[in-house]
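Letter by letter, the chains look like this.
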Amino acid sequence: DLMGKVDVERELREIDAEEVIREKLEEYSEGQTIWFQYGDFDEDGTSEAFAFSGKAGAEYLEGVLWYVNENYAAELGESGKWQNPEMVTVEGTTFLFAENYGDGLTYVFGIENSKVYETAVSGMFSNLEHLGGKDFTAEFTSYDYFEDEEKAKAEEPTTKKYWFYLENGEFYEYGAD
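Keep in mind that this is a model prediction, so the values were computed, not measured.

Enquirer: Can you tell me about the overall build of the chain, naming the residues and giving the values?
Expert: Secondary structure summary: the chain contains two helices and 13 strands in total. Relative to its 177 residues, the chain shows a buried fraction of 38%. Total accessible area on the chain is roughly 10,800 Å²; 45% of this is exposed by carbon and sulfur atoms.

Enquirer: Break down the sheet that holds strand E8 (residues 106-112) for me, citing the residues and quoting the values.
Expert: If you trace the four strands from one edge of the open sheet to the other, you get E6-E7-E8-E9, paired in antiparallel fashion. Two strands lie at the open edges of the sheet, namely strand E6 (86-90) and strand E9 (115-118), each paired on one side alone. On average, adjacent strands in this sheet sit at an angle of 30° to one another, irrespective of strand direction. By the bridge criterion, five bridges tie E6 to strand E7 (residues 93-99) in an arrangement that is antiparallel. Counted as the bridge partner of Val90 is Thr93 from E7.

Enquirer: Any chance you could break down the environment of Ser142 for me, citing the residues and the numbers?
Expert: Its place among the elements puts Ser142 in strand E11 (residues 135-142). Overall, the relative accessible area of 15% leaves Ser142 in the buried class. Ser142 sits 14 residues away from Glu156 along the chain, and the two C-alpha atoms are 8.9 Å apart. With residues near it in sequence (within four places) discarded, Ser142 still touches Pro157, Thr158 and Lys160.

How each quantity is defined
Residues numbered from 1 in each chain as written. Predicted model: local features only at pLDDT ≥ 70, side-chain atom pairs only at ≥ 80, totals over all residues. Heavy atoms only, no water. Helix = DSSP H or I, 4+ residues; strand = E, 2+ residues; numbered from the N terminus. Buried < 20%, exposed > 50% of the residue type's maximum accessible area, 1.4 Å probe, protein only. Areas by Shrake-Rupley, 256 points an atom, 1.4 Å probe, with all protein chains shown as cover. Pairing = 2+ DSSP bridges. Axes fitted to C-alpha atoms, helices over the stretch in contact; angles between N-to-C directions. Contact = heavy atoms within 4.5 Å.

Structure, rendered in structure tokens:
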């Protein structure tokens, strides 16, 4: 009966690969690893990780977001305060969503062929949310009074909702209200 058996060699290879990636992060990072998500996020047969190094606050993480594979680790932006990152999987690709406390914007990273990329919507909107399927919504805050910059800054900003769909690993806009 093969249903109950575990491929021990495969399990050990996965444990070893995760350990190699954790060690690579420690080699590049100065802070303590406080969040770590490991997997084959683009389903290409190669495992990688998104991680966060720094310190955990009561409501946020303070430090640096990372992409790590067995060959290198790359910082995904400058050090800052972030909400707990969220992993969102659509069309076989897993994305990292991270809301920055400093600017209030959502940063979105994907992986293709074991290389990380920042999506077109990354850092442009706040509260980017997966609605299900290929659909997403986000908010954009702006000052609508442009004739006089000083008057514009004195006015309350407006928030507009945008809708996006995901296709081939990138976000495209349906429209705004």
